Amino acid sequence: MAHVAVVGAGIGGLAAAAAFQRKGWEVTVLERAPSIEPVGSGLAMAPNALRALDTIDVGDQVRKLAAMQGSAGIRRADGRWLSRTSAETANARYGDPTVLLRRSSLVELLAGRLTEGTIRLNTSVSSITETADRPVVTTADGDELPADLVVAADGIHSATRARLFPDHPGPVYAGVTSWRLLATGSGLTTSESWGSPGLVFGVMPLVDDQVYCYATARVPAGRQAEDGELAELVRLFGTWHDPIPKLLAEADPAKVLRHDIYSLEQPLPAFHRGRIALLGDAAHAMTPNLGQGACQAIEDAIVLAHLADPAHPESLEAYSATRLPRTTPIVARSRTICRMTSWRNPLAVTARNTMIALLGKLGPTAALRQMDPVFDWHPPQN
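Here the structure is a predicted model, which is why all the values come from computation and not from measurement.

Right, let's get into the overall build of the chain. Broken down by element type, the chain carries 14 helices and 18 strands. For a compact globule of 382 residues, the expected C-alpha radius of gyration is about 21 Å, and the chain comes in at 21 Å, within 12% of that figure. If one aligns the C-alpha atoms of the chain with their principal axes, the spans along those axes are about 60 × 45 × 40 Å. Across the chain, the fraction of contacts at a sequence separation of at least 24, relative to all contacts at a separation of at least 6, is 73%. If you sum the accessible surface of the chain, you get close to 16500 Å²; carbon and sulfur atoms cover 52% of it. Between the centroid of the 36 positive side chains of the chain and the centroid of its 39 negative side chains there is a distance of 9 Å.

Here you go:
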């Protein structure tokens, strides 16, 4: 039986593990953390990701968690809509909604697809060596794990990527920091509000009256609020439109997450080398502006499991050839939107808002059509 070692038990790594097990591979997932409790609050599963999840029998379970109904779109800080669409319109266009859910819910569903003993926690990888026969993963404890394929899903600051492509500049700070939190609320509308100088606040209703909120601001990297991140959010967004002040007032200060945003500005030359493949943020870290980070990691996982052939290591060339052209424009487009939300010049902001408002006046499908190249993706057929 062919054996694959997956480095990292994030969403991409777990999706890859489930996809390879479904193909009949023996799978070992190596995770350095003591548990797979996810870092983060919420995420979006767009139609392209739902179709990918269907191939490992998780799509319908995620669809049951859909809470987005009615209007959604972009607003100004005062609450005025710039562009609107609806979940119903999106569903009619793509055959699926965009499902907003807790990150922990998706991790639980993916982990539930794996056979017992697949995940080895508290296991750091110290090196991955290509031998004449097969790759060997060496853990920090000195254990050696031979495999027919190694899948590196070790995140944005991937040590594996640095080993495979030492001349690549790696991730670059995108110029903005982000906050994430969970709050409670009912009857809310999904929206992302843009304001000056370079501020964004997103409100995403989930099931059971939970609300995922995220925010970004243009600041130098490495900063932290001396009096707490919730206090910083109140300073930045406390006077914005309802329900933002109320959501912040009810949030738990201890559960507000803050992370600087990095992305791979320069694409990698390939997503593999030898019998080692990169996946997700390790391959194409992107800003969160299109909500496609986790979605593209899941696509990677499904395509890689479909193409990988233990008898033909060159099969990974097809993986790179398929995924590089797919992910590179998505990374670039997401980064462009990130820059647009960060504009501070009043004239530029006015021009940006006018452009979005004009697009919104073309009807609820006008904004959606911009996402056709992303959402219209379908997984390979077995």
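Looking now at the pattern of salt bridges. Enumeration over the complete set of coordinates arrives at 19 salt bridges. With a shortest N-O distance of 2.7 Å, Asp 57 and Arg 22 are connected by a salt bridge. In this pair, Asp 57 sits in the loop between α2 (47–54) and α3 (59–63) while Arg 22 sits in helix α1 (residues 11–22), placing the two residues 35 residues apart along the sequence. When the shortest N-O distance is used, the salt bridge between Asp 143 and Arg 120 registers 3.6 Å. One end of the pair, Asp 143, is in the loop between β9 (135–139) and β10 (144–146); the other, Arg 120, is in strand β7 (residues 119–120), and 23 residues separate them in sequence. When salt bridges with common partners are traced through the structure, they connect Asp 54, Asp 60, Arg 63 and Asp 96 into a single cluster.

Position of Ser 158 among the secondary structure elements: in the loop between β11 (149–152) and α6 (159–164). Among the residues examined, Ser 158 registers a relative accessible area of 2% and is labelled buried. For Ser 158, the side chain forms a polar contact with the main-chain nitrogen of Thr 160, separated by 3.3 Å. Sequence-distant contacts of Ser 158, defined by excluding residues within four places in its chain, comprise Leu 278 and Ala 282.

Let us now look at helix α4 (residues 87–94). Here α4 has its buried residues at Ala 87, Thr 89, Ala 90 and Tyr 94. Buried residues in α4, looked at end-on, bunch into an arc of 160°, giving them a common side. At the C-terminal side of α4, Gly 95 shows a positive phi close to 80°.

Further remarks concern the sheet that holds strand β17 (residues 272–273). Spatially, the six strands line up as an open sheet ordered β7-β2-β1-β11-β18-β17, and their pairing is mixed. Each edge of the open sheet carries a strand with a single partner, namely β7 and β17. Pairing of strand β2 (residues 26–30) with β7, which is carried by two bridges, proceeds in the parallel orientation. Considered in β7, the bridge of Val 29 is made with Ile 119. On top of the sheet, helix α11 (residues 315–341) reaches β11, β17 and β18 (276–278); it is set at about 15° to β18, its chief contact.

This part covers the sheet that holds strand β8 (residues 125–130). The three strands are arranged β8-β9-β10 in an open sheet whose pairing can be described as antiparallel. Strands with a single pairing partner mark the edges of an open sheet, and in this sheet they are β8 and β10. Geometrically, the sheet is characterised by an average inter-axis angle of 20° between neighbouring strands, direction not taken into account. As paired strands, β9 and β10 are joined by three bridges and run antiparallel to one another. Within β10, the position partnered with Thr 138 by the bridge is Glu 144.

Turning our eyes to something else, we now look at the packing of aromatic side chains. Evaluated as defined, the whole model comprises seven aromatic pairs. Ring centres of Phe 20 and Trp 25 lie 4.9 Å apart, and the angle between their planes is 75°; on these two criteria the pair is classed as edge-to-face. The burial state of Phe 20 is the same as that of Trp 25; both residues are buried. A centroid spacing of 4.8 Å and a plane angle of 80° characterise the contact between Phe 237 and Trp 240, whose relative ring orientation is edge-to-face. Here the two residues Phe 237 and Trp 240 agree in accessibility, since each one is buried.

The next subject is the environment of Arg 22. Exposure remark for Arg 22: the relative accessible area of 48% places this residue in the partly exposed category. Along the chain, Arg 22 and Thr 327 lie 305 residues apart, while their C-alpha atoms are 24 Å from each other. Apart from the residues lying within four places of it in its own chain, the contact partners of Arg 22 are Thr 55, Ile 56, Asp 57 and Arg 113. Among the polar contacts made by the side chain of Arg 22, one reaches the main-chain carbonyl oxygen of Thr 55 at a distance of 2.9 Å.

The next point concerns the packing of helix α10 (residues 293–307) against α11. Relative orientation of the contacting elements α10 and α11 amounts to 160°, with a least axis distance of 9 Å. The pairing of α10 with α11 is recorded here as roughly antiparallel in orientation. For the pair α10 and α11, the sense of crossing is right-handed. Residues Gln 296, Glu 299, Asp 300, Val 303, Leu 304 and Leu 307 of α10 form the contact with α11, whose participating residues are Ser 315, Leu 316, Ala 318, Tyr 319, Thr 322, Arg 323, Arg 326, Thr 327 and Ile 330. Split into classes, the residues belonging to the contact of α10 with α11 amount to seven nonpolar, four polar and four charged.

Let's shift gears to the packing of α1 against helix α5 (residues 103–111). Viewed as axis vectors pointing N to C, α1 and α5 meet at an angle of 25°, and their least axial separation amounts to 9 Å. Taken as axis vectors, α1 and α5 run roughly parallel relative to one another. Remark: the crossing between α1 and α5 carries left-handed chirality. The residues of α5 that touch α1, namely those facing Ile 11, Leu 14 and Ala 15, are Arg 103, Leu 106, Val 107, Leu 110 and Ala 111.

Thresholds, definitions, all that
Residues numbered from 1 in each chain as written. Predicted model: local features only at pLDDT ≥ 70, side-chain atom pairs only at ≥ 80, totals over all residues. Heavy atoms only, no water. Helix = DSSP H or I, 4+ residues; strand = E, 2+ residues; numbered from the N terminus. Rg over C-alpha atoms; globule rule 2.2 N^0.38 Å. Contact = heavy atoms within 4.5 Å. Areas by Shrake-Rupley, 256 points an atom, 1.4 Å probe, with all protein chains shown as cover. Lys, Arg positive; Asp, Glu negative; His and termini not counted. Charge placed at Lys NZ, Arg CZ, Asp CG, Glu CD. Salt bridge = Lys/Arg side-chain N within 4 Å of Asp/Glu carboxyl O. Buried < 20%, exposed > 50% of the residue type's maximum accessible area, 1.4 Å probe, protein only. Polar contact = N/O pair within 3.5 Å; in protein donor to acceptor, adjacent residues only side chain to side chain. Arc of directions from axis to C-beta. Pairing = 2+ DSSP bridges. Axes fitted to C-alpha atoms, helices over the stretch in contact; angles between N-to-C directions. Phe/Tyr/Trp six-rings, centres within 6.5 Å; stacked < 30°, edge-to-face > 60°. Parallel < 35°, antiparallel > 145°, perpendicular 65-115°, else oblique. Left-handed = near helix turned anticlockwise from the far one by under 90°. Nonpolar A, V, L, I, M, F, W, Y, C, P; charged D, E, K, R; others polar.

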